[in-house]
Amino acid sequence: MARRLLAAVVAALALCGAAAAAGVRVTADPLEAQEWWLAAIGANVAEAPGPGVPINIVDTGVDQTQPEFANRPNTTYFNAQTVLGPGEFHGTMVASVAAAPENGVGMAGVYPNAVLQVFDTSPTPTGITNPTAIAGILTAAQHCPGVINLSWGGAQPDPQLQAAILTAIDAGCLVVAAAGNEGQLGNQPTYPADWPHVLTVAASDRNNAVAPFSTVSPANDITAPGVGITGAVPLSHDPSGYVNGDGTSFAAPMVSAAAAWIWTLRPTLTAGQLAGVMRASATDIGPAGFDNTSGYGLLNIPAALVAPAPPVDPDEPNDDIPEVRPLQLFQLGQPALTTKANPASRIAATLDRADDPRDIYRIWIPAHRTVRVNVSSGGRAAARIWGPKTVSVTEGIAARRRDLRGPSITAGKSGMQAYAEVLLTGSSSTANYVLSVTASKR
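Residues numbered from 1 in each chain as written. Predicted model: local features only at pLDDT ≥ 70, side-chain atom pairs only at ≥ 80, totals over all residues. Heavy atoms only, no water.

**Comments concerning the state of the cysteines**
And step 1. A complete count under the given rule lists one disulfide for this structure.
And step 2. In this model, Cys144 is linked to Cys173 through a disulfide, with the two sulfur atoms separated by 2.0 Å. One quick way to see it: the torsion about the S-S bond of Cys144 and Cys173 is about -115°, and its sign makes the bridge left-handed. Here the residue Cys144 occupies a position in the loop between α4 (130–141) and β4 (147–150), and Cys173 occupies one in the loop between α5 (159–170) and β5 (174–178), the gap between them amounting to 29 residues. Accessibility assignment for this pair places Cys144 and Cys173 in one class, buried. (Disulfide = S-S within 2.5 Å. Helix = DSSP H or I, 4+ residues; strand = E, 2+ residues; numbered from the N terminus. Buried < 20%, exposed > 50% of the residue type's maximum accessible area, 1.4 Å probe, protein only.)

**Quick look at the sheet that holds strand β11 (residues 358–365)**
And step 1. Strand order in this open sheet of four strands is β11-β16-β13-β14, and the pairing throughout is antiparallel. Strand pairing shows two members of the sheet lacking a second neighbour, β11 and β14 (404–406), which therefore form its edges. Each strand of the sheet is rotated relative to its neighbour by a mean of 35°, with strand direction disregarded.
And step 2. Pairing analysis gives eight bridges linking β11 to strand β16 (residues 416–424), with the strands arranged antiparallel. Across the sheet, Ile363 pairs through a bridge with Ala418, a residue of β16. (Pairing = 2+ DSSP bridges. Axes fitted to C-alpha atoms, helices over the stretch in contact; angles between N-to-C directions.)

**Brief notes about the sheet that holds strand β2 (residues 75–77)**
And step 1. Spatial ordering of the open sheet is given by β2-β3-β1-β4-β5-β6-β7, a layout of seven strands whose pairing is parallel. The open sheet terminates on both sides in strands that have one partner only, identified here as β2 and β7 (222–225). Across this sheet, the average inter-strand angle for adjacent strands is 25°, counted without regard to direction.
And step 2. In this structure, strand β6 (residues 199–204) lies alongside β7, joined through four bridges in parallel fashion.

**What about the packing of aromatic side chains?**
And step 1. Applying the stated criterion across every chain, the model contains four aromatic pairs.
And step 2. A centroid spacing of 6.0 Å and a plane angle of 85° characterise the contact between Trp36 and Trp37, whose relative ring orientation is edge-to-face.
And step 3. Look at Trp37 and you get buried, because its relative accessible area is 1%.
And step 4. Ring plane angle 45° and centroid distance 5.3 Å describe the contact between Tyr191 and Trp195, whose orientation is recorded as tilted. Across the pair, exposure class does not vary: Tyr191 and Trp195 are buried alike. (Phe/Tyr/Trp six-rings, centres within 6.5 Å; stacked < 30°, edge-to-face > 60°.)

**Points about the confidence of the model for the protein**
And step 1. Residues at a pLDDT of 70 or more form 93% of the protein, whose mean pLDDT is 92.
And step 2. Below pLDDT 50 for its whole length, residues 1–24 participates in 70 contacts with residues either more than four positions away or in separate chains. (pLDDT = per-residue confidence, 0-100. Contact = heavy atoms within 4.5 Å.)

**Examining the packing of helix α6 (residues 248–265) against helix α7 (residues 271–281)**
And step 1. Contact geometry for α6 and α7: axes closest at 11 Å, N-to-C directions at 115°. Relative to α7, α6 is oriented roughly perpendicular. When you trace α6 past α7, the crossing you get is right-handed. Where α6 abuts α7, its residues Val255, Ala258, Ala259, Ile262 and Trp263 lie against Ala271, Leu274 and Met278. (Parallel < 35°, antiparallel > 145°, perpendicular 65-115°, else oblique. Left-handed = near helix turned anticlockwise from the far one by under 90°.)

Listed below in structure tokens is the structure:
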């Protein structure tokens, strides 16, 4: 059933009249001196590139008559835009924080010259609903690689929405989501922010402290400014065309813009490597290392531009059977790790409790052979095999008794397909591992 995802985010916006303190970067745009967050994330010390990897804003409509977007170059509207509903200023504001141009009026976004692609998920004033959000994400997925910004969320997980996001990730896009504004309201899970493979953004203030309203969650990856953020809005919403707002909604597009900027200058990175670079290069602003409040720390663009790339994590997303079996979530599924011609293989990959909790691989069990799996990870991961009838590794107890085989499986007179699972052990939160699959006579 359709559900208004935007309501929680819009309700948490605290619009205020005071201008932010002067920032470092100064151009001909009169409000840019007030954009304190540009210095906080290092957007003032490096020259943003020209058009490159696109930023996809999947949100309420963007006002094409607003001075920041009237005749903005390198801007594509995937569908008709509406901005007259009470909450429909949101998409214009999010887009401006990411990519308002340096055009001599108003403000400038984090990546002013970015390629901007916009999908209006609220063709009526009722706000964002799951079906329209899904349509927007799937449209953006047709234009990967790119960054998809989702500055909204809801309390109930929707498998179809998650499938759309996984489709975009499989196509090579980076999906960025606002963590949510539930920090003083119980920190309930927020989707899509809480799903694996989504780069989740918390909000900070001028003192580089996480804002009290920002949702605390193990899904948080990185933090960006989200307090006192100046953004462009439709003139029908405010005659000045600009307001100040608070919310993780405005932290997320800073990360999306930075990701597109970094990816444009480092085009050989995969989406997963890009997310890893941004996490590893963030400035720690909380307890040492990762914490549920700030993730890995505050976005740092200059550091991310030069940070070493992590190893490629292959075959993602591959968290469950429907993601790897052909003709299910993806037409081709994921490549089989072993086949009839090559019944033994090895693969190196990584796990992360919040962003990549398990890896599933299709494997072939030759007739009259026993296949074993073994994982080398310093004790941080384990491997096991699921049988050919497995529907999901989260299936019920009866099916689990039938399907879960442990570290080995033996075929009868016919060969068969099975699935190797690698998962974290004990209290481990991450793991680098090498999975080995071997076949021998029984």
